[in-house]
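Residue-level structural notes
Here is what each chain is made of, one letter per residue.
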Amino acid sequence: MKLKPIAQVDPQIDEVLQKELNRQQNTLMLIPSENYASSAVLETQSSIFTNKYAEGYPGKRYYQGCTLADEIEEIAITRAKKLFGAEHANLQPHSGTGANIACYQALLQPGDKILSLDLTQGGHLSHGKEGTLPHTYYRIVNYGVDKKSGRFDLDKIRKMAKKERPRLIIVGASSYPRKIEFKPWREIADEVGAYLLADMAHIIGLIAAKVHPDPVPYADVVTATCQKTLRGPRGGFILCKKELASKIDRAVFPGTQGGPFMHTIAAKAICFKEAMQPSFKEYAKQIIINCQSLANTLMEKGFKLITGGSDNHLMLIDLSSQKITGKKAALVLEEAGIVVNKNCIPFDVLPPSITSGIRPGTPALTTRGMKEDEMKLIGKWISEILHNPNNKKMRDEIKAKVEKLCHSFPIYK
Ligand SMILES: Cc1ncc(COP(=O)(O)O)c(C=O)c1O
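Below or above, wherever it landed, is the structure these notes cover. (Residues numbered from 1 in each chain as written. Predicted model: local features only at pLDDT ≥ 70, side-chain atom pairs only at ≥ 80, totals over all residues. Heavy atoms only, no water.)

Turning next to the sheet that holds strand β4 (residues 88-90). Reading across from one edge, β4-β10-β9-β8-β7-β5-β6 is the order of the seven strands in this open sheet, with mixed pairing throughout. Here the strands that pair on one side only, and so sit at the sheet edges, are β4 and β6 (139-143). The sheet shows a mean angle of 20 degrees between the axes of neighbouring strands, taken without regard to direction. In this structure, strand β7 (residues 168-171) lies alongside strand β8 (residues 195-199), joined through four bridges in parallel fashion. Paired with I170 across the bridge in β8 is L197. Sheet strands in contact with helix α8 (residues 183-192) are β6, β7 and β8, and its direction is about 170 degrees off that of β7. Contacting β4, β8, β9 (221-225) and β10 (236-240), helix α10 (residues 245-256) runs over the sheet at an angle of about 0 degrees to β4. (Pairing = 2+ DSSP bridges. Helix = DSSP H or I, 4+ residues; strand = E, 2+ residues; numbered from the N terminus. Axes fitted to C-alpha atoms, helices over the stretch in contact; angles between N-to-C directions. Contact = heavy atoms within 4.5 Å.)

We now examine the side chain of E73. Considering the arrangement of structural elements, one finds E73 in helix α4 (residues 67-84). When residues no more than four places from it in sequence are discounted, the contact partners of E73 are Y57, P58, R61, Q92, M262 and I265.

This part takes up the site of the ligand. Contacts to the ligand come from 13 residues, most closely from G96, T97, S174, D199 and K228. The contact in question runs from an oxygen atom of the ligand to an N or O atom on the side chain of S174, over 2.8 Å. Side-chain polar atom of K228 to an oxygen atom of the ligand: 3.1 Å apart, as the coordinates give it. Surface burial for the ligand is 84%, taken as the share of its 390 Å² of free accessible area covered by protein chains. If one sorts the elements of the shell around the ligand by residue count, helix α5 (residues 96-107) sits on top with three residues. The class makeup of the residues in the shell around the ligand is two nonpolar, nine polar and two charged. (Near = heavy atom within 4 Å. Polar contact = N/O pair within 3.5 Å; in protein donor to acceptor, adjacent residues only side chain to side chain. Areas by Shrake-Rupley, 256 points an atom, 1.4 Å probe, with all protein chains shown as cover. Nonpolar A, V, L, I, M, F, W, Y, C, P; charged D, E, K, R; others polar.)

Next up on the list: the pattern of salt bridges. Tallying each qualifying case throughout the model produces 21 salt bridges. One salt bridge in this structure joins R158 and D155, with 3.7 Å as the shortest N-O distance. Within this pair, R158 and its partner D155 are both found in helix α7 (residues 154-164), separated by three residues, close to a single helical turn. The exposure class of R158 is partly exposed, given its relative accessible area of 21%. Overall, the relative accessible area of 52% leaves D155 in the exposed class. E335 is paired through a salt bridge with R395; the nearest N and O atoms lie 2.9 Å apart. Here R395 lies in helix α16 (residues 392-408) and E335 lies in helix α13 (residues 326-335), a separation of 60 residues in the sequence. Its relative accessible area of 7% is what places R395 among the buried residues. What you see here is one network of salt bridges that share partners, running through D155, R158, K162 and E191. (Salt bridge = Lys/Arg side-chain N within 4 Å of Asp/Glu carboxyl O. Buried < 20%, exposed > 50% of the residue type's maximum accessible area, 1.4 Å probe, protein only.)

All right, on to the nonpolar core then. F84, F152, I169, W185, L230, F237 and F272 are the most contacted members of the largest nonpolar core, which totals 63 residues. Residue contributions to this core peak at seven residues, all from helix α11 (residues 262-276). With sequence-adjacent residues up to four places away left out, I169 is seen in contact with L115, A161, W185, I188, A189, V192, A194, Y195, L196 and L197. In this structure, I324, A329, A336 and I358 belong to the second largest nonpolar core, which totals 33 residues. (Core = buried A, V, L, I, M, F, W, Y, C linked by side-chain atoms within 4.5 Å.)

Looking now at the sheet that holds strand β12 (residues 317-318). Ordered in space as β11-β12-β15-β14, the four strands form an open sheet in which the pairing is antiparallel. The open sheet has two edge strands, β11 (304-305) and β14 (342-343), and neither has a second partner. Bridging between β12 and strand β15 (residues 357-358) involves two bridges; their strand directions are antiparallel. Its bridge partner lying in β15, D318 is registered against G357.

In the segment running from F253 into P254, the intervening peptide bond is cis, with an omega of 5 degrees. With respect to the helices, strands and loops of the structure, P254 is situated in helix α10. The residue R231 is not glycine, and still its phi comes out positive at about 65 degrees. Notably, K323 is not glycine yet its phi reads approximately 55 degrees, a positive angle.

All right, on to the side chain of N290 then. For N290, the location among the structural elements is in helix α12 (residues 278-300). A polar side-chain atom of N290 sits 3.0 Å from a polar atom in the side chain of T366. Beyond its immediate stretch of four places on either side in the chain, N290 contacts T362, T366, M370, K371, E372 and M375.

Following this line, the structure appears as structure tokens:
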């Protein structure tokens, strides 16, 4: 199949695509929820399956011409089940948020109670923040992290669960820098008769590589995204036990979605195959080594990290004693080609639009092949910029060094 170059069809869009490629190539991307998908994943996402409607599930479609869509979805399901040791997998959720909402639809009645992590302490919008669909239909109660340690206090969470008697407990976070052991969460859920949902959107790649504890034996449902540490296409998926399979499938389609994105499901199948390779395990190990190297460098330069470090792919830097907000820090770092996002720290006194923290992570830099030496260098640059936020000359000099480093580690060879 010969595709016409986009430049010939739509030069205006092509120009933006080229600029975005240059931006990604020439900046250091430390947003922990982003990554660089392989060329096979990119190509498959723009493949011929873009054209196909396939409402339903393999063997039970509402459209004709689905034999090959069935084949693709069955391959993807088989691979997901094998990779995660799960009894059932649904690969149709268009996003991590969609996967969570489908689980609520499957397991809850309107008015049921959800116990989840507060957004400002590391949770996610889809766990029931005001203004979201789950907040409209369910009663949301939030737990937080311990003020002193920055970690989950399981005794407190157990007490809260006993008092609130939720129907669903969510474990999982957007900005929690420590390992999560799932057995105690299962015990708490059992003590109060609640379902346990493990939202592994961020750390699913670490779980696939077995460098993080596994939620699959403990949680009733596990939700995830493919685009973060798993390095696949944008999209979500759900793993669950056999007993919940048909409830989950019905909640995804027709409960909360229409036709599946077959091109994305094909790309999900590829990312599962990639994650089964020994090289992916090495990659995931290196993400953590790099994160710890960057975290240690920053702590040596006087930065305070929530929980005092990291044992996954991200860290949360507390800037409250540094005379710079998270917003300003992210802006000045981007001027030097270092891309991070601002993030609330637990008990932040500033609003989410300003914040007292930033949340750097290493999945994308590790995909580029960077290791500890590069992390130490990047940590030094971050420190210099944040300690001298008004020094534009310094930023410009660092920007030139950032570009040079980026050229040595191309995102697509
Ligand atoms: C913990 C968690 N759950 C769910 C999501 C939602 O994923 P999506 O953006 O694909 O809806 C995210 C995204 O950052 C997340 O961090």
